[in-house]
Amino acid sequence: MTQRLRSRPQFQAVMAGAPVAKTPHFALHCVALDVPVEGKPLFPVADAWLGVLLPKRWARRAVTRNAIRRQIYEVARHRSAPLPQAAWVVRLRSEFSRKLFVSATSDALKLAVRLELEQLLSRARLPKAAVSGEVRDVV
């Protein structure tokens with residue numbers, strides 16, 4: 001089961017590094033789970049952690065952001081190969097054309113999001129720092 005990122009320090013720790021994978025609309029960030037903050041582990045459970053970052057700049061309507069968020073969690077949950085044990089953040093980095101996808105929750109938009117997310121998560125690899133166990137100071 002995938003844990004969800006909840007706190008600001010968790011998101012900041014993951015977003016501190018460069019993206020490990022990109023698609024036209026999404027970027028995937030990753031960090032190892034052994035990032036400590038003030039002596040306490042940021043990620044107390046050894047599992048895959050997933051967070052979603054959807055700026056209003058790229059998805060103005062809340063209904064669109066919520067639909068994309070649901071698609072991200074569902075695609076991650078139903079993958080044949082689960083995400084490796086690390087903390088992951090999927091970030092929306094560009095807008096889906098409102099001319100192509102007029103409705104905020106159209107089936108066409110959901111399908112486009114799902115296909116692109118499957119492509120993004122198939123490229124998910126741990127960064128070299130996470131594999132070697134290198135710890136970065138993030139606060």
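Residues numbered from 1 in each chain as written. Predicted model: local features only at pLDDT ≥ 70, side-chain atom pairs only at ≥ 80, totals over all residues. Heavy atoms only, no water.

Asker: Sorry if this is basic, but what is going on with the sheet that holds strand β6 (residues 49-53) here?
Answerer: Adjacent strands of a sheet form backbone hydrogen bonds with each other and so pair up, either parallel or antiparallel. Here we have five strands laid out as an open sheet, ordered β1-β6-β7-β3-β2, and mixed in their pairing. A strand with exactly one partner marks an edge of an open sheet, and here the two such strands are β1 (3-4) and β2 (21-22). Alignment of β2 against strand β3 (residues 26-31), held across two bridges, turns out to be antiparallel. Residue pairing in the sheet places Ala21 in a bridge with Leu28 of β3. Across the face of the sheet, helix α2 (residues 62-77) comes into contact with β1, β3, β6 and β7 (87-92) while running at roughly 160° to β6. In the packing of helix α3 (residues 107-122) onto the sheet, the strands contacted are β2, β3 and β7, and the crossing angle to β3 comes to about 35°. (Pairing = 2+ DSSP bridges. Helix = DSSP H or I, 4+ residues; strand = E, 2+ residues; numbered from the N terminus. Contact = heavy atoms within 4.5 Å. Axes fitted to C-alpha atoms, helices over the stretch in contact; angles between N-to-C directions.)

Asker: In this structure, what is going on with the packing of aromatic side chains? I would like to understand it.
Answerer: Each aromatic ring pair is summarised here by two numbers: the centre-to-centre distance and the angle between the ring planes. Using the criterion set out here, one finds three aromatic pairs in the structure. Relative to Phe101, the ring of Phe96 lies with its centre 6.1 Å away and its plane at 75°, an arrangement referred to as edge-to-face. Like Phe101, Phe96 is buried. Pairwise contacts between aromatic rings join Phe26, Phe96 and Phe101 into one cluster. In this arrangement the basic side chain of Arg4 is found over the ring face of Tyr73, its NZ or CZ atom lying 3.6 Å from the centre. (Phe/Tyr/Trp six-rings, centres within 6.5 Å; stacked < 30°, edge-to-face > 60°. Buried < 20%, exposed > 50% of the residue type's maximum accessible area, 1.4 Å probe, protein only. Lys NZ or Arg CZ within 6 Å of the ring centre and 35° of its normal.)

The quantities given are spatial measurements derived from coordinates; they are silent on function.
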